[in-house]
Amino acid sequence: MFGLLTPQTRYVKVFINAFRQTNRCVSVSRPSDEYIRRFISENTEITGEQSLTPELRLRLFTPNCRFWRERPELWPFDDPYWAIYWPGGQALSRFLLDHPAVCRGETVLDLGSGCGASAIAAKLCGAAHVVANDIDAVAAVATRMNCEVNGLDPPVCLTDNLIGSQLEGFDLILLGDMFYDEALATSLHSWLDRCIKMHGTKVLIGDPGRAQFEDHSIRRVLHQLAQFELPESVREENYGLTCSRVWCYRPKL
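So, a few notes on the structure that sits alongside this text. (Residues numbered from 1 in each chain as written. Predicted model: local features only at pLDDT ≥ 70, side-chain atom pairs only at ≥ 80, totals over all residues. Heavy atoms only, no water.)

1. Structural notes on empty space enclosed by the protein
If a probe as big as a water molecule is rolled over the atoms, it shows which places are left empty. All told, the structure shown has two cavities of 30 Å³ or more when counted by the stated rule. Estimated volume of the second largest cavity: approximately 50 Å³. Along the walls of the second largest cavity sit Ser165, Gln166, Leu167, Trp191, Arg194, Cys195, Met198 and His199, which together make up its complete lining. For the lining of the second largest cavity, the residue count by class is four nonpolar, three polar and one charged. (1 Å grid on protein atoms, 1.4 Å probe; cavity = no way out; pocket = protein on both sides within 12 Å on 5 of 7 lines; lining within 4 Å. Points joined across faces, edges and corners; volume = space filled by probe spheres on them. Nonpolar A, V, L, I, M, F, W, Y, C, P; charged D, E, K, R; others polar.)

2. Side note on the nonpolar core
One finds Val108 and Leu204 to be the most contacted residues of the largest nonpolar core, which totals 36 residues. Contributions of two or more residues to this core are made by strand S2 (58-60), helix H3 (87-98), helix H4 (117-124), strand S4 (129-133), helix H5 (137-149), strand S6 (172-176), strand S8 (222-229) and strand S9 (243-249). Apart from residues lying up to four places away in sequence, Val108 is in contact with Cys103, Ala122, Ala127, His129, Val130, Val131, Phe170, Leu172 and Leu174. Leu109, Leu184, Val203 and Tyr249 belong to the second-largest nonpolar core, a separate cluster that totals 27 residues. (Core = buried A, V, L, I, M, F, W, Y, C linked by side-chain atoms within 4.5 Å. Buried < 20%, exposed > 50% of the residue type's maximum accessible area, 1.4 Å probe, protein only. Helix = DSSP H or I, 4+ residues; strand = E, 2+ residues; numbered from the N terminus. Contact = heavy atoms within 4.5 Å.)

3. As for the pattern of salt bridges
Under the definition given, this model contains 12 salt bridges. Asp33 is the salt-bridge partner of Arg144, the closest N and O atoms lying 3.3 Å from each other. Here Arg144 is found in helix H5, whereas its partner Asp33 is found in helix H2 (residues 33-43), with 111 residues between them in sequence. Accessibility expressed as a relative area gives 24% for Arg144, which makes it partly exposed. The class for Asp33 is partly exposed, based on a relative accessible area of 28%. Look at the salt bridges and you will find they share partners, linking Glu55, Arg94 and Asp98 into a network. (Salt bridge = Lys/Arg side-chain N within 4 Å of Asp/Glu carboxyl O.)

4. Some points on the sheet that holds S6
Across the sheet, seven strands lie side by side as S5-S4-S3-S6-S7-S9-S8; this open sheet has mixed pairing. Two strands bound the open sheet, and with one partner strand each, they are strand S5 (156-158) and S8. Shown here is a sheet whose adjacent strand axes are inclined to one another by a mean of 20°, direction ignored. Bridging between strand S3 (residues 107-111) and S4 involves five bridges; their strand directions are parallel. When the sheet's bridge partners are listed, Thr107 is paired in S4 with His129. Each of S3, S4 and S6 is contacted by H4, which is oriented at about 175° to S4, the strand it contacts most. (Pairing = 2+ DSSP bridges. Axes fitted to C-alpha atoms, helices over the stretch in contact; angles between N-to-C directions.)

5. Some details on the side chain of Gln90
Inspection of the secondary structure puts Gln90 in helix H3. Ignoring any residue separated from it by four or fewer positions in sequence, one finds Gln90 in contact with Ser51, Leu52, Thr53, Tyr85 and Val234.

6. Here we look at H4
Three or four residues apart is the spacing at which side chains of an α-helix point the same way, because the helix has 3.6 residues per turn. Most of H4 sits inside the fold, with six of its eight residues counted as buried. Those residues of H4 not exposed but buried are Ala117, Ser118, Ala119, Ile120, Ala121 and Ala122. As for H4, its buried residues are in contact with S2, H3, S3, S4, H5 and S6. In the segment just after H4, Gly126 is the residue with positive phi, at about 90°.

7. Describing the packing of H3 against H4
Look at H3 against H4: their axes get within 9 Å of each other, and the N-to-C directions meet at 0°. Between H3 and H4, the interaxial angle falls into the category roughly parallel. In contact with Gly89, Leu92, Ser93, Leu96 and Leu97 of H3, H4 contributes Ala117, Ser118, Ala121, Ala122 and Leu124. The class makeup of the residues in the contact of H3 with H4 is seven nonpolar, three polar and no charged. (Parallel < 35°, antiparallel > 145°, perpendicular 65-115°, else oblique.)

8. Considering the environment of Thr159
Relative to the helices and strands, Thr159 is located in the loop between S5 and S6. On the accessibility criterion, Thr159 (35% relative accessible area) is partly exposed. For the pair Thr159 and Asp134, spaced 25 residues apart in sequence, the C-alpha to C-alpha distance is 5.1 Å. When residues no more than four places from it in sequence are discounted, the contact partners of Thr159 are Asn133, Asp134, Ile135, Asp136, Ala137 and Ala140.

9. Focus: the pairing of strand S7 (residues 202-207)
Within S7, five of the six residues are buried, which leaves the element mostly enclosed by the surrounding structure. In terms of handedness, the path from S6 via helix H6 (residues 182-199) over to S7 forms a crossover that is right-handed. Pairing geometry for S7 and S9, over four bridges, is antiparallel. Counted as the bridge partner of Leu204 is Cys248 from S9. (Right-handed = clockwise from strand over helix to strand, strands pointing away.)

Right, here's the structure in full:
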């Protein structure tokens, strides 16, 4: 996703920190999509039934996967945040599936899309056009593969950093697990204000209660729409988090 997502998942934290602390063998040139697809296929597992959205199937890292225990210096890409179904994204996707009218017929941007679950949910709910945006090119390939697993045509996948850009043409922006850093939260706050005031864009945020989100001034302009109890397996993998929420962004106009 954009920047470095501070992991709150116990096993995933150990897993990803290992990559950060090791000199990885990253290719100088970007590998082909065919290579990335083959690598993802061979090193992830199709799962999702233990999440808030059991109807969605996603290629994710599980303890059954090679790189859950492999030496991290053998990992050929950037940190694999796309391979985790984070709690905020789970809540956001669940909310869309429960309330399909929210995005039906709309042009939707899934910002920091990761595995693409929220983009997939928007497509299933009848969005007219969906764009999945993540600065990691591997995440874009993973999103297209996850769409195929769910029998969907892939969304448009963009890898430019759109935060701060003059964004037009989107009715709805989705952000799952993006408020993990105070500086990023402040940047998002300012940018989302402009998107809403200039273009009337709707914004939905999914977050499981991270301190950087709960303590930020952005909370004053958010209205809670839903709260979901996390499945037991997700609770066990997270540091004391028992639920995840969806918020509607309502700035002072």
